[in-house]
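# Analysis of the macromolecular model
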Amino acid sequence: MKFGYARVSTKEQSLNLQKDALKKDGCKKIFSEKISGSKKERIELDRLIEKLREGDQIVVWKLDRLGRSLKDLVNLISLLQEKGVGFKSLKDNIDTTTSTGKLIFHLFASLAEFERDIISERTKAGLSSARARGRVGGRPKGLSKKAQDKARIAETLYREKELSVGDICEHLSISKPTLYRYLRIRKVKVGNS
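Report on the accompanying structure. Here the residue index of a chain counts from 1 through its sequence in written order. Local features in this predicted model are restricted to residues whose pLDDT is 70 or higher, and side-chain atom pairs enter the listing and the counts only when it is 80 or higher, whereas totals over whole chains, interfaces and linings include all residues. Only heavy atoms go into the side-chain values, all of them from the structure, while hydrogens and water stay out.

On to the packing of helix 5 (residues 145-160) against helix 6 (residues 165-172). In a pair of packed helices, the angle between the axes and the distance between the axes together describe the arrangement. Every axis corresponds to a line fitted to the C-alpha atoms, with the helix fit spanning only the stretch in contact, and the corresponding angles, defined between N-to-C directions, vary from 0 to 180 degrees. For the purposes of this entry, the term helix denotes a DSSP run of H or I that reaches at least four residues, the term strand denotes a run of E that reaches at least two, and both are numbered from the N terminus. Put simply, helix 5 and helix 6 touch, their axes get as near as 10 Å, and they point 150° apart. Between helix 5 and helix 6, the angle is such that the two are roughly antiparallel. In the crossing of helix 5 with helix 6, the sense of the turn from one axis to the other is right-handed. Across the interface between the two elements, Lys150, Ile153, Ala154, Leu157 and Tyr158 of helix 5 pack against Val165, Ile168, His171 and Leu172 of helix 6. Note on terminology: angles under 35 degrees are roughly parallel, angles over 145 are roughly antiparallel, angles of 65 to 115 are roughly perpendicular, and the others are oblique. Should the near helix be turned anticlockwise from the far one by less than a right angle, the crossing is left-handed, and should it be turned clockwise, the crossing is right-handed. Any two residues whose heavy atoms approach within 4.5 Å at even a single point are treated as in contact.

Structure (structure tokens):
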């Protein structure tokens, strides 16, 4: 079965242009939504993907209606291929049920992988350069002034033994692991040790 998917980013935009093109292409059922492409959760798209069976096809007006990014688009089309589902973009002249469409999709996948590799290389080079200049990344070692104050209070409450560990955590709005980390930093023996 041929399914259509139409999406616009805002409530003020109209889906009519996309829906008309999808109907003209022969889509039997069209799933549509008005939601930003940057949103991870797209309910109608998820519903459509659940309905798909081997041999079905998804048609969109343009590629950007389906994926948030090149990586997202490649992942989604790969999922469709695993299910034996074809994909077609009307304005971009891509149809993964044809040899040319498959080639174009594989070029996109290669470009997405290339983009990831370049980002990784830049990140590694930047970190290496920063280390060479004596800069160390990551969170600063030790506790902030606010955390130091909480650690002192935690130590006092723990040594007084009037409150349980759970009560101390609740009173200071911290987790048990944080409390124990504070106590270790303050060199307080915990439990029977």
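Working definition: rings of Phe, Tyr and Trp (its six-membered ring) pair if their centres are within 6.5 Å, and the pair is stacked with planes under 30 degrees apart, edge-to-face with planes over 60 apart, and tilted otherwise. All chains considered together, the criterion is met by 1 aromatic pair. Ring geometry for Phe3 and Phe31: centres 6.1 Å apart, planes at 55°, overall tilted. In this pair, Phe3 is assigned in strand 1 (residues 2-8) and Phe31 in strand 2 (residues 29-34), connecting sequence segments 28 residues apart. Owing to a relative accessible area of 1%, Phe31 belongs among the buried residues under this scheme. A cation over a ring is seen here: Lys29 above Phe31, with NZ or CZ 5.1 Å from the ring centre. Any residue under 20% of the maximum accessible area for its type is buried, any over 50% is exposed, and the rest in between are partly exposed; the area is computed with a 1.4 Å probe on protein chains only. We count a charge as sitting over a ring when the NZ of a lysine or the CZ of an arginine lies within 6 Å of the ring centre and within 35 degrees of the ring normal.

Along strand 3 (residues 57-60), one buried face is formed by Gln57 and Val59 and the opposite face, lined by Ile58 and Val60, is buried too. Pairing of strand 1 with strand 3 involves 4 bridges; the strand directions are parallel. Paired with Gly4 across the bridge in strand 3 is Val59. The pairing criterion for strands is at least two bridges between them, as found by DSSP. Pairing analysis gives 4 bridges linking strand 3 to strand 4 (residues 86-89), with the strands arranged parallel. Pairing of Ile58 across the sheet is with Phe87, part of strand 4.

Looking at where Leu172 falls in the secondary structure, it is placed in helix 6. Looking at Leu172, the relative accessible area reads 7%, which means it is buried. Sequence spacing of Leu172 and Ala151 is 21 residues, and the spatial spacing of their C-alpha atoms is 9.5 Å. If we ignore the near neighbours within four places in the chain, the residues touching Leu172 are Lys150, Ile153 and Ala154.

This paragraph deals with the packing of helix 5 against helix 7 (residues 176-185). Put simply, helix 5 and helix 7 touch, their axes get as near as 9 Å, and they point 90° apart. In terms of orientation, helix 5 lies roughly perpendicular with respect to helix 7. Only Leu179, Tyr182 and Leu183 of helix 7 make contact with helix 5, whose side of the interface consists of Ala147, Lys150, Ala151, Ala154, Glu155 and Tyr158. Note on residue classes: Ala, Val, Leu, Ile, Met, Phe, Trp, Tyr, Cys and Pro are nonpolar, Asp, Glu, Lys and Arg are charged, and everything else, Gly too, is polar. A breakdown of the residues in the contact of helix 5 with helix 7 according to their chemical character gives 7 nonpolar, no polar and 2 charged.

Take it as geometry only, folks, not as evidence of what the structure does.
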